Amino acid sequence: MALTKSAERYNLQLAATSVGGGINDLISHTGTADISAILQNTFGGFFWQSDSKGKALMDLYQDRSAIFSIDKATAPTLILHGAQDPRVPISQAFQLHFALKAKGVPTRMLVYPGSGHIPGKAEQLFNIWNEVLRWLAEYV
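My aim in this report is to walk through the structure given alongside it, one point at a time.

### A word on the packing of aromatic side chains
Scanning the model with the defined rule gives 5 aromatic pairs in all. Judged by centre distance (4.7 Å) and plane angle (50°), the ring pair of Phe43 and Tyr61 falls under tilted. Pair noted here: Phe43 is in helix H3 (residues 36–43) and Tyr61 is in helix H4 (residues 58–63), with a separation of 18 residues, a long-range link. Like Phe43, the residue Tyr61 is buried in the burial classification. Plain terms: the ring middles of Phe46 and Trp48 are 4.9 Å apart, the flat faces sit at 20° to each other, and that makes the pair stacked. An aromatic cluster of three or more residues is present, and its members are Phe43, Phe46, Phe47, Trp48 and Tyr61.

Rendered as structure tokens:
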């Protein structure tokens with residue numbers, strides 16, 4: 001969410017950013033990952049429900065989802081994702097990458113075959129560090 005809300009919420013302008021296994025759409029994430037119950041516990045229900053005071057949760061889910069404020073994204077964004085991530089489906093990364101490209105924000109997406117939410121192979125970790133450093137060196 002820092003990608004799209006940093007300026008308005010924190011008075012920060014990001015020079016560049018890197019996203020690893022990031023959730024950018026809590027609505028499409030619901031039911032497609034092995035941690036969907038966390039969203040229910042965090043927000044007091046699912047997006048189609050209301051909270052204990054009767055307020056619809058859809059607005060809260062959208063407010064906390066970067067994809068719904070992607071128009072504010074300006075920072076060059078490196079996206080890193082494990083191909084077999086059970087926590088955050090790779091569709092989240094594809095969605096973010098597509099939206100940033102369509103908006104004209106510099107972006108690059110790297111997918112790590114065989115990796116879950118956290119890459120476990122030393123060569124992948126080494127590659128991630130190098131790619132992030134290269135990305136930041138280019139844009140910061």
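### Some remarks on helix H6 (residues 122–139)
The end-to-end C-alpha separation of H6 is 26 Å, in line with the 26 Å expected for 18 residues at 1.5 Å each. Restricting attention to buried positions, one finds in H6 the residues Gln124, Ile128, Glu131, Val132 and Trp135. Buried positions in H6, seen along its axis, are confined to an arc of 100° and lie on one side of it. Among the exposed residues of H6, those pointing more than 90 degrees away from its buried face are Ala122, Glu123, Phe126, Trp129, Leu133 and Ala137. Buried residues along H6 sit in contact with strand S1 (17–20), strand S2 (77–82) and strand S3 (107–112).

### Some points on the sheet that holds S1
Read across the sheet, 3 strands follow the order S1-S2-S3 without closing on themselves; strand pairing throughout is parallel. The sheet is open, and its two edges are formed by S1 and S3, each paired on a single side. In this sheet, adjacent strand axes meet at a mean angle of 15° when their direction is disregarded. Here S2 runs beside S3; their pairing, made up of 6 bridges, is parallel. By the bridge assignment for S3, His81 is matched with Val111. Strands in contact with helix H5 (residues 90–103) are S1, S2 and S3; relative to S3, the strand with the most contacts, it is inclined by about 160°. Of the strands in this sheet, S1, S2 and S3 touch H6, which is tilted by about 175° from S3.

Conventions adopted
- Residue numbering note: each chain is counted from 1, following its sequence as written.
- Per-residue local features are limited, in this predicted model, to residues with pLDDT of at least 70; the limit for side-chain atom pairs, both in listing and counting, is 80 or more; totals at the level of whole chains, interfaces and linings are taken over all residues.
- Heavy atoms throughout the structure, all of them, feed into the side-chain values; hydrogens and water do not.
- To pair, rings of Phe, Tyr and Trp, with the six-membered ring standing in for Trp, must have centres within 6.5 Å; the planes then decide the type, stacked if under 30 degrees apart, edge-to-face if over 60, and tilted in the middle.
- Under the scheme used here, helices are H or I runs from DSSP no shorter than 4 residues and strands are E runs no shorter than 2 residues, and both carry numbers assigned from the N terminus.
- Relative accessibility under 20% of the residue-type maximum defines a buried residue, over 50% an exposed one, and the middle range a partly exposed one, all with a 1.4 Å probe and only protein chains included.
- By this rule, a helix spans an expected 1.5 Å times one less than how many residues it contains.
- The arc in question is the one traced by the directions running from the helix axis out to the C-beta atoms.
- Here, two residues are considered to be in contact whenever any of their heavy atoms come within 4.5 Å of each other.
- By the convention used here, strands pair only if DSSP detects at least 2 bridges between them.
- Here an axis means a line fitted to C-alpha atoms, over the contact stretch when the element is a helix, while the angle between two N-to-C directions is reported on a 0 to 180 degree scale.

Note that all results are geometric; they support no functional claim without further evidence.
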